[in-house]
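Working through the structure, step by step
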Amino acid sequence: MNVIYVDDERPALENFKFTVDKFSDVDSLVMFQDGEMALEYAKLHRVDIAFLDMQMPGIHGLDLAVKLHEIDSEIMVVFVTAYSQYALDAWDVEAAGYLLKPYMIEDIRKHLDKCEKSDKFARDIVIETIPSLSLTVKGKAVQLRGVKTRELFALLVEKGTSGLSPREGIAYLWPDRPNEENTQSLFRVTYKRVVDALSEAGVEDLLTTSENRRYLQTDRVDCDLYRILAGDERAAKKYNGVYLQEYSWSEERNAQLHHMLMGDDAK
């Protein structure tokens, strides 16, 4: 899960971070003391859950919730406040929860669990490539263990509907090794590790094989690269000149994105 927390009081932010850092299913936590900065962040980054203080200078928590939903209607909002009188107002903006200060760690966990069980997370297979690779299934990060395992999955994402043959995969992953039996065996083992990682996440059928080519089922994933190539302006705003920064073979695609989205202004 990608979480933001907005509160104008620094001690409240620090306490929230101390609590949420204990949860492994929170992939990112970004905190703001200013609601406008949180809105700018949400325009460029995926936000799954927003924890919002109510009474803040500038923009009130209720108004901030409305603006966040204008950016992405699927952002789940949980209000965090010391004032119980706002509870009824929270339902008017379709809040997912209402948390009274002071709260316990169990209270945060309960709200995260509630959000995680929603339809939003039940259908999500999310791949991010900008600036680097990440994969989440139902809001939980999938660990692609091993450098080459992770790189092979990144290649499958990059190739999309074109697919990847073992020969091509070897050329990318081990450019200095001959395409012989030992290297071919190494490719098969690495591919199986990718499949095993997806199987652990419950999406083992995300990859298919046809005529000795491996394919990612692109229609089943929400991927920033595919969104950009399809003309999604919000996804395009996320691009800052870096795509799959871990891999040298990504330079050609990065040049394409650079030309598409930044043009002469980037020179």
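First things first, this report covers the structure right here in the doc. (Residues numbered from 1 in each chain as written. Predicted model: local features only at pLDDT ≥ 70, side-chain atom pairs only at ≥ 80, totals over all residues. Heavy atoms only, no water.)

1. Quick word on helix α12 (residues 251–261)
For α12, every residue scored as buried is listed here: Arg 253, Asn 254 and Leu 257. In an axial view of α12, the angular spread of the buried residues amounts to 100°, which keeps them on one side of the axis. Set apart from the buried face of α12 by more than 90 degrees, the exposed residues are Glu 251, Glu 252 and His 259. Packed against the buried residues of α12 are α7 (147–159) and α10 (224–229). Gly 263, located one to two residues past α12, shows a positive phi value of around 55°. (Buried < 20%, exposed > 50% of the residue type's maximum accessible area, 1.4 Å probe, protein only. Helix = DSSP H or I, 4+ residues; strand = E, 2+ residues; numbered from the N terminus. Arc of directions from axis to C-beta. Contact = heavy atoms within 4.5 Å.)

2. Observations concerning the pattern of salt bridges
Applying the stated criterion to the full structure yields 17 salt bridges. Here Lys 17 makes a salt bridge to Asp 21, at a shortest N to O gap of 2.7 Å. On the accessibility criterion, Lys 17 (37% relative accessible area) is partly exposed. Residue Asp 21 is classed as partly exposed on the basis of its relative accessible area of 49%. A salt bridge links Asp 224 to Lys 238, with the nearest nitrogen and oxygen atoms 2.8 Å apart. One end of the pair, Asp 224, is in helix α10; the other, Lys 238, is in helix α11 (residues 233–238), with 14 residues separating them in the sequence. Here Asp 224 and Lys 238 have matching classes, each one buried. One continuous salt-bridge network, built from bridges that share partners, spans Asp 7, Asp 53 and Lys 101. (Salt bridge = Lys/Arg side-chain N within 4 Å of Asp/Glu carboxyl O.)

3. Description of the pairing of strand β7 (residues 134–137)
With four bridges connecting them, strand β6 (residues 125–128) and β7 associate as antiparallel partners. Looking across to β7, one finds that Ile 127 is bridged to Leu 135. Linkage of β6 to β7, two consecutive antiparallel strands, is achieved through a turn of five residues. As paired elements, β7 and strand β8 (residues 140–141) share two bridges and run antiparallel to each other. If you follow Val 137 over to β8, its bridge partner there is Lys 140. If you look at the hairpin formed by β7 and β8, you'll find two residues sitting between the two strands, and Lys 138 has a positive phi there, around 55°. (Pairing = 2+ DSSP bridges.)

4. Notes on the sheet that holds strand β5 (residues 97–100)
Reading across the sheet, the five strands line up as β2-β1-β3-β4-β5 and stay open at both edges, with parallel pairing between neighbours. Only two strands of the sheet have a single partner each, and these edge strands are β2 (28–32) and β5. When the angles between neighbouring strand axes are averaged without regard to direction, this sheet yields 20°. Contacts from helix α1 (residues 10–20) reach β1 (2–6), β2 and β3 (49–53), with the element oriented near 175° to β2. (Axes fitted to C-alpha atoms, helices over the stretch in contact; angles between N-to-C directions.)

5. With respect to the environment of Val 6
Mapped onto the elements of the fold, Val 6 is located in strand β1. According to the relative accessible area criterion, Val 6 is buried, its value standing at 0%. Along the sequence, Val 6 and Leu 64 sit 58 residues apart, while their C-alpha atoms lie 9.5 Å from each other. Excluding its chain neighbours within four sequence positions, the residues that come into contact with Val 6 are Phe 32, Asp 34, Gly 35, Ala 38, Phe 51, Leu 52, Asp 53, Met 56 and Leu 64.

6. Focus: a nonpolar patch on the surface
A cluster of nonpolar side chains, namely Leu 229, Met 260 and Leu 261, defines an oily patch on the protein surface of about 230 Å² accessible area. Considering the arrangement of structural elements, one finds Met 260 in helix α12. By relative accessible area, Met 260 is classed as partly exposed at 40%. (Patch = residues over 30% accessible without salt bridge, like charges linked within 9 Å, V, L, I, M, F, W, Y side chains within 5 Å. Areas by Shrake-Rupley, 256 points an atom, 1.4 Å probe, with all protein chains shown as cover.)

7. Considerations on helix α9 (residues 181–200)
An α-helical turn contains 3.6 residues, so a residue and the one three or four places further along point in the same direction. With 20 residues, α9 should cover 28 Å at 1.5 Å per step; its first-to-last C-alpha distance of 28 Å lies within 8% of that length. Listing the buried residues of α9 in full gives Thr 183, Phe 187, Thr 190, Tyr 191, Val 194, Ala 197 and Leu 198. Projected onto a plane normal to the axis of α9, the buried residues spread over an arc of 115° and lie on a single side. In α9, the exposed positions angled more than 90 degrees off the buried face are occupied by Asn 182, Lys 192 and Glu 200. Buried residues in α9 make contact with β7, α7, α8 (166–173), β9 (207–210) and β10 (213–216). Positive backbone phi, at 85°, marks Gly 202, one or two positions downstream of α9. (Expected span 1.5 Å × (residues − 1).)

8. As for the side chain of Asp 72
When you line up the elements, Asp 72 lands in the loop between α3 (61–71) and β4 (76–81). Only 2.9 Å separates the side chain of Asp 72 from the backbone nitrogen of Glu 74, close enough to count as a polar contact. (Polar contact = N/O pair within 3.5 Å; in protein donor to acceptor, adjacent residues only side chain to side chain.)

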